[in-house]
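Breakdown of the fold
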Amino acid sequence: TAVFSAAAGDPLNFYFNYVTSDGSGFADYAWAALLTAALDPVAILFTARTQPDGSIVPGFDLPGVEATLTPASVPIIDGGPAWSPLGDSSGDCYNGVGAGCGYTGWVHSTYDIATAGNYILAFGVTNWSDSAYDSGMAFSGITVAGVPVENAVPEPATWAMMLMGFGVVGF
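Within the protein chain, the regular secondary structure consists of 1 helix and 13 strands. Going residue by residue from the N terminus, the α and β elements of the protein chain occur as β-β-β-β-β-β-β-β-β-β-β-β-β-α. Counting all 171 residues of the protein chain, 39% fall into the buried class. Across the protein chain, every contact between residues at least 6 apart in sequence was considered, and the portion connecting residues at least 24 apart equals 69%.

What follows is the structure, given as structure tokens:
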């Protein structure tokens, strides 16, 4: 996200939905972390890991989650997910039905920020050890103390203007 300010005790809230067509043969991962504006880690807010059954959120054998997740444990909703960000693998499932392909549905993450300061929210998805079939993540409703985080994902035009501004300052 863009840098945002928070006071001590402010709740950080957002929703995410982990989506995968890769199945458990090549376990993919997703995560979110709260970082300071200087990119120092503060908290792991969720993890997800593809597997054929059981809970995929929080992710098996991944770092502990410091946020409250609702629901606290999430199985995969089975099936080849149809979602355009998955590209050519949209609607497909590696190894077929029951292989761990699908989605989590919307999961709520909430974390009370301990120290006042400037922060960013970092999200990541890793398509582990293969380039066929994809995983992704949708997120929504990012707020701090009930106020939407502006420019949660900077648009390409914003990046271009920012880079142009740096060029002008350098000139």
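For strand β3 (residues 29-36), a buried count of 6 out of 8 residues is recorded, marking the element as mostly surrounded by other parts of the structure. Two successive antiparallel strands, β3 and strand β4 (residues 41-49), enclose a turn made up of 4 residues, where Leu39 displays a positive phi of approximately 70°. Of the strand pairs in this sheet, β3 and strand β11 (residues 117-126) are connected by 8 bridges, and their pairing is antiparallel. Across the sheet, residue Ala32 finds its bridge partner in β11, namely Phe123.

Taken as a whole and judged by the stated rule, the model has 7 aromatic pairs. Taking the centre distance of 6.4 Å and the plane angle of 55° together, the rings of Phe14 and Phe46 count as tilted. Of this pair, Phe14 sits in strand β2 (residues 11-20) while Phe46 sits in strand β4, and the two are 32 residues apart along the sequence. On the basis of relative accessibility, which here comes to 0%, the residue Phe46 falls in the buried class. Site record: aromatic cluster; members linked through ring pairs are Phe14, Phe16, Phe46, Phe123 and Phe139.

Attention now moves to the state of the cysteines. Working definition: the covalent bond between the sulfur atoms of two cysteines is a disulfide. Applying the stated rule across the entire model yields 1 disulfide. One disulfide bridge connects Cys93 with Cys101, the sulfur atoms lying 2.1 Å from each other. On the S-S bond that ties Cys93 to Cys101, the torsion sits near 90°, and the link is right-handed. The pair Cys93 / Cys101 is uniform in exposure class, with both members buried.

Thresholds applied
- Residues numbered from 1 in each chain as written.
- Predicted model: local features only at pLDDT ≥ 70, side-chain atom pairs only at ≥ 80, totals over all residues.
- Heavy atoms only, no water.
- Helix = DSSP H or I, 4+ residues; strand = E, 2+ residues; numbered from the N terminus.
- Buried < 20%, exposed > 50% of the residue type's maximum accessible area, 1.4 Å probe, protein only.
- Contact = heavy atoms within 4.5 Å.
- Pairing = 2+ DSSP bridges.
- Phe/Tyr/Trp six-rings, centres within 6.5 Å; stacked < 30°, edge-to-face > 60°.
- Disulfide = S-S within 2.5 Å.

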